[in-house]
Amino acid sequence: MTEKSKHASSAFDSNVKPDSPRFERNQQAMAELVAQVRNQEEVIQQGGGEKAIEAQHKKGRMTARERIAQLIDAGTEFFELGSFAAWGMYGEWGGAPSAGVVTGLALVQGRLVMLIVNDATVKAGAFFPMTAKKVIRAQNLAIDNHIPTIYLVDSAGVFLPLQEDVFPDTDDFGRIFRNNAVMSSMGIPQIAAIMGMSVAGGAYLPLMCDHILMTEGSGLFIAGPALVQSAIGAKYSAEELGGAQMHSQISGTVDFREPDDEACLTRIRLLVDKMGNRQLGVFDRKKPVEPLYPAEEIYGIFDGDPGRQYDMKEIIARLVDGSQFGEYKAEYGETVLCGYARIGGFAVGLVANQKTHVQQVDHAGNKRIEFGGVIYTESAEKAARFIMDCNQNLVPLVFLHDVNGFMVGRDAEWSGILRAGAKMVNAVSNSVVPKITVIVGGSFGAGHYAMCGKAYDPRFLFAWPSARYAVMSGASAAGTLVEIKVKQLERGGKKLSEEDKKKLFDEVKATYDEQTDPRYGAARLWIDKIIDPAETREAIIMALEAAALNPEVPKFSVGVLQT
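Reading the values: the criteria
- Residues numbered from 1 in each chain as written.
- Predicted model: local features only at pLDDT ≥ 70, side-chain atom pairs only at ≥ 80, totals over all residues.
- Heavy atoms only, no water.
- 1 Å grid on protein atoms, 1.4 Å probe; cavity = no way out; pocket = protein on both sides within 12 Å on 5 of 7 lines; lining within 4 Å.
- Points joined across faces, edges and corners; volume = space filled by probe spheres on them.
- Helix = DSSP H or I, 4+ residues; strand = E, 2+ residues; numbered from the N terminus.
- Nonpolar A, V, L, I, M, F, W, Y, C, P; charged D, E, K, R; others polar.
- Axes fitted to C-alpha atoms, helices over the stretch in contact; angles between N-to-C directions.
- Parallel < 35°, antiparallel > 145°, perpendicular 65-115°, else oblique.
- Left-handed = near helix turned anticlockwise from the far one by under 90°.
- Contact = heavy atoms within 4.5 Å.
- Salt bridge = Lys/Arg side-chain N within 4 Å of Asp/Glu carboxyl O.
- Buried < 20%, exposed > 50% of the residue type's maximum accessible area, 1.4 Å probe, protein only.
- Phe/Tyr/Trp six-rings, centres within 6.5 Å; stacked < 30°, edge-to-face > 60°.
- Lys NZ or Arg CZ within 6 Å of the ring centre and 35° of its normal.

1. Examining the layout of surface pockets
Reasoning step 1: Empty space within the largest pocket amounts to approximately 800 Å³.
Reasoning step 2: Forming the boundary of the largest pocket are 29 residues, of which E77, F78, F79, K529 and E535 lie nearest the centre.
Reasoning step 3: Taken together, the elements giving at least two residues each to the lining of the largest pocket come down to α2 (21-44), α4 (64-71), β1 (79-81), β2 (101-108), β20 (529-530) and α21 (536-547).
Reasoning step 4: A total of five residues in the lining of the largest pocket trace back to one element, the largest contributor, which is α21.
Reasoning step 5: For the lining of the largest pocket, the class distribution of residues is 16 nonpolar, three polar and 10 charged.

2. What to know about the packing of helix α5 (residues 129-145) against helix α6 (residues 173-185)
A packed helix pair is summarised by two numbers, namely the angle formed by the two axes and the spacing between the axes.
Reasoning step 1: As a packed pair, α5 and α6 sit with axes 9 Å apart at the nearest point and diverge in direction by 20°. Viewed along their axes, α5 and α6 adopt a mutual orientation that is roughly parallel. Crossing of α5 over α6 shows left-handed handedness. Between α5 and α6, the residues in contact are A132, V135, I136, Q139, N140, A142 and I143 and F173, R175, I176, N179, N180 and M183, respectively.

3. Observations regarding the pattern of salt bridges
Here the idea is simple: oppositely charged side chains can pair when their charged atoms come close.
Reasoning step 1: The final tally for this structure, using the stated rule, is 32 salt bridges.
Reasoning step 2: Here K133 ties to D171 by a salt bridge, and the two come within 3.9 Å at their closest N and O atoms. Pair noted here: K133 is in helix α5 and D171 is in the loop between β4 (149-155) and α6, with a separation of 38 residues, a long-range link.
Reasoning step 3: Residue K133 is classed as partly exposed on the basis of its relative accessible area of 24%.
Reasoning step 4: Among the salt bridges present, the one from D284 reaches R342, with a minimum N-O distance of 2.6 Å. Linking D284 in the loop between α11 (261-273) and α12 (298-301) with R342 in strand β10 (residues 336-343), this pair joins segments that are 58 residues apart in sequence.
Reasoning step 5: Judged by its relative accessible area of 24%, R342 is partly exposed.
Reasoning step 6: Beyond isolated ion pairs, a larger network of salt bridges with shared partners links R38, D532 and E535.

4. Overview of the packing of aromatic side chains
Any two aromatic rings considered together are summarised by their centre-to-centre distance and by the angle between their planes.
Reasoning step 1: For the coordinates displayed, the defined rule picks out 16 aromatic pairs.
Reasoning step 2: Arranged with centres 5.4 Å apart and planes meeting at 80°, the rings of W93 and F159 form a pair that is edge-to-face. Note that W93 is positioned in the loop between β1 and β2 and F159 in the loop between β4 and α6, a separation of 66 residues in sequence.
Reasoning step 3: A relative accessible area of 33% means that W93 is categorised as partly exposed.
Reasoning step 4: A connected cluster of aromatic rings, assembled from ring pairs, spans Y90, W93, F128 and F159.
Reasoning step 5: When the ring centre of Y520 is taken as reference, the NZ or CZ atom of R524 above it lies at 3.6 Å.

What follows is the structure, given as structure tokens:
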């Protein structure tokens, strides 16, 4: 890198060699990971499978994804969130692909909206525990970013065998209706279309929205015909009890009665077309400029081997406008990169883990090597100050994770690593500008927290297929746990052979590696979306456009800092 590019917002001079063996090896490894995730997503998108899709069509209804394709603007794409929700879960019940509900961002009549769409091919759209959590996550994104929300309702209600995990808690079923009410009070538009069943507690969702549509043949009831007969002995047809005509003509519950899915979706588009425009966010945006280097090169730049180095600035150069990155305190605390850039025209502050080792001079004048991916005292202090500056100047923050954690050892403790780390965590915790997190490699221990992990309210949290997400790596955890186990057994008079130790190590590591896989985290909604590294820029732009819908930025205050 030239001195000019190091100290000013000049275009980055890339040193990538796409024809090198290492680049080609990295490229192949990432391509395989991306293909694996895409193939699994294709299976997930089949929902309950061909027979369930046929059954939906025989009722004269579209599937969830067919409805989405019909609703959104022609020529635009659906930015799906939470597609891996419930992945590998509920096997005893036949699974629940995508948790039986499809959520994500899309353009309808040129307006960015959140879509929450029940998939009736998955257990009749019933709510599993993760279904409720996924709907709530989508609502929380809508609340934080003031995104108009459209619900396409086709659900049998709570999945009764698991009701104890769906019904009572603050992040369970009832929270959905509470969020409906809160969103309405905030002026966030909500449209609900009943396009199948809407039963029991689930019937409250459309009733809490601004507009209610209903198609012929759908049902909306507190209790369905079977439950009514069981409870009070009265026998009614579904249409008589809660059909579209009854709710349109007698109860007055429905605003629009539509003959079929297609007409209903057309009506929704007409309603969105009439929405007024509220004040947009206060974040600076100029005309976007494409990066100088192709995004596909990220495949070859990133190295998933924890023992190898790569230059995170090469990744940044393929994400930011014009490949221009104005680095902040470029010669201090170099294992965390901080700096200003634009992405999609939006001004942003970038906080990223540098994966190359750097030579540093300590306060006593001694030279030392600092390891890439590790947060040292100086880098934590720099990052804390930079995060505070971005909040002061209303600059959204983007975090790029490949972090092993904070430095350990006597020298680190004497330098005040705990104090500096607490300062960085404080700044992240109290940050009021939108925060967007992308986990590209490791995201371990307290480093995950300091880099704005899930617990620190990022507006969106994305991960590459190469992401690893846990207290520590599988090898480190296995080594620690095996050592503890061996000592326990030795105290009891039993000695393990080297073969037994290796077997125990491999078993623990396999379990840990499974749990650090991004699909494991995405299944539990710790990750909003697993993204193709080459599409990282587009994902960040989508997140920034959503964040810009909310013009309200609270007063920034960090409270007491460890100085």
